[in-house]
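Take a look at the letters that make up each chain.
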Amino acid sequence: RSTQGVSSAASDVYKRQTLLIALWAAIYLARRLVAPLRDLAEGTQAVAQGDYRKQLPVNSADELGVLVDSFNRMTREISIAQNDVRNSQLAAESQRAYLETVLEHLSSGVMSFDTQARLHTHNTAAERILGDSLSLHVGSSVEDISYSLP
């Protein structure tokens, strides 16, 4: 009987150890699975707030690793495109400022019209030649401007 009691106690200890190992393994695996998902959630929040520089660690080559790598590539490409747009806007603004400076310093009168023959831009020489403030006529048609000028 005492051998049975010792055997039963040893069996209980073995079962408890097995249960603890299984529980530890489940917690470990759950953390390994949840960590990349938590990183992705944080990354998508950063992107939603406009931060496209966010790069996540790629810790595996499985489906989650591929997903994280795709996220990183997407955010890199968006960030590059955003920088290109910003640089293009700066270049266009610089060119516009240069053109305005050139137009202002010309002695010849210059007026530009859009595709529907409405005044778009002009220089001060054009105002001086026509004897009227053309700023009041920006957006007006050529016909309307010609009727209002002296």
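Counting starts from 1 at the beginning of each chain's written sequence and moves along it residue by residue. For a predicted model such as this one, the threshold for reporting local features is a pLDDT of at least 70, and the threshold for listing and counting side-chain atom pairs is 80 or more; totals across whole chains, interfaces and linings nevertheless cover every residue. Excluded from the side-chain calculations are hydrogens and water; all other atoms, namely the structure's heavy atoms, are used.

A. Seen up close, the pattern of salt bridges. The rule for a salt bridge is simple: a side-chain nitrogen of Lys or Arg has to be within 4 Å of a carboxyl oxygen of Asp or Glu. Under the counting rule described, the total for this entry stands at 5 salt bridges. Linking Arg96 and Glu93 is a salt bridge whose minimum nitrogen-to-oxygen distance equals 2.4 Å. Separated by 3 residues within a single helix, Arg96 and Glu93 lie in helix α2 (residues 63-105), roughly one turn from each other. Assessed through its relative accessible area of 37%, Arg96 is described here as partly exposed. For Arg96, the salt bridge goes to Glu100, with nearest N and O atoms at 2.2 Å. On the criterion of helical spacing, the pair formed by Arg96 and Glu100 is a turn pair, its members being 4 residues apart in helix α2. In this structure, a network of salt bridges that share partners links the residues Glu93, Arg96 and Glu100. Runs of E in the DSSP output that reach at least two residues are strands. Runs of H or I that reach at least four are helices, and both are numbered from the N terminus. Here the term buried applies to any residue with accessible area under 20% of the maximum for its type, exposed to any over 50%, and partly exposed to those in between, with areas from a 1.4 Å probe on protein chains only.

B. Looking closely at unusual backbone geometry. With phi around 60°, Ala117 is a residue other than glycine that occupies positive phi space. Assignment of secondary structure puts Ala117 in the loop between β1 (111-113) and β2 (119-122).

C. Representation of the environment of Gly131 within the structure. Here Gly131 lies in the loop between α3 (124-130) and α4 (142-148). Spatially, the C-alpha atoms of Gly131 and Leu149 are 8.0 Å apart, while their sequence positions differ by 18 residues.

D. Region of interest: a nonpolar patch on the surface. Together, Leu20, Leu23 and Ile27 make up an exposed nonpolar region whose accessible area comes to about 300 Å². Counting through the fold element by element, Ile27 comes out in helix α1 (residues 2-48). Two joining distances apply to patches: 9 Å for like charges and 5 Å for nonpolar side chains (Val, Leu, Ile, Met, Phe, Trp, Tyr), and every residue must have over 30% relative accessible area and no salt bridge. Per-residue and other accessible areas were derived by the Shrake-Rupley procedure at a 1.4 Å probe size, with only the shown protein chains allowed to occlude residues.

E. Seen up close, the packing of aromatic side chains. Working definition: a ring pair exists when centres of Phe, Tyr or Trp rings (six-membered ring for Trp) sit within 6.5 Å. Plane angles under 30 degrees give stacked, over 60 give edge-to-face, the rest tilted. On inspection of all chains with the given rule, the structure shows 1 aromatic pair. On the basis of an interplanar angle of 10° and a centroid distance of 5.5 Å, the ring pair of Trp24 and Tyr28 is categorised as stacked. With Trp24 and Tyr28 both in helix α1 and 4 residues apart, this pair spans about one turn of that helix. Assessed through its relative accessible area of 57%, Trp24 is described here as exposed. Residue Tyr28 is classed as partly exposed on the basis of its relative accessible area, which comes to 41%.

F. Representation of the pairing of β2 in the model. One ladder, built from 3 bridges, connects β1 with β2; its direction is antiparallel. Within the sheet, the bridge partner assigned to Phe113 lies in β2 and is Leu119. The turn linking β1 back onto β2 is made up of 5 residues, and Ala117 within it adopts a positive phi angle of 60°. Strand pairing requires that DSSP identify at least two bridges connecting the strands.

Read these as spatial facts, not as claims about activity.
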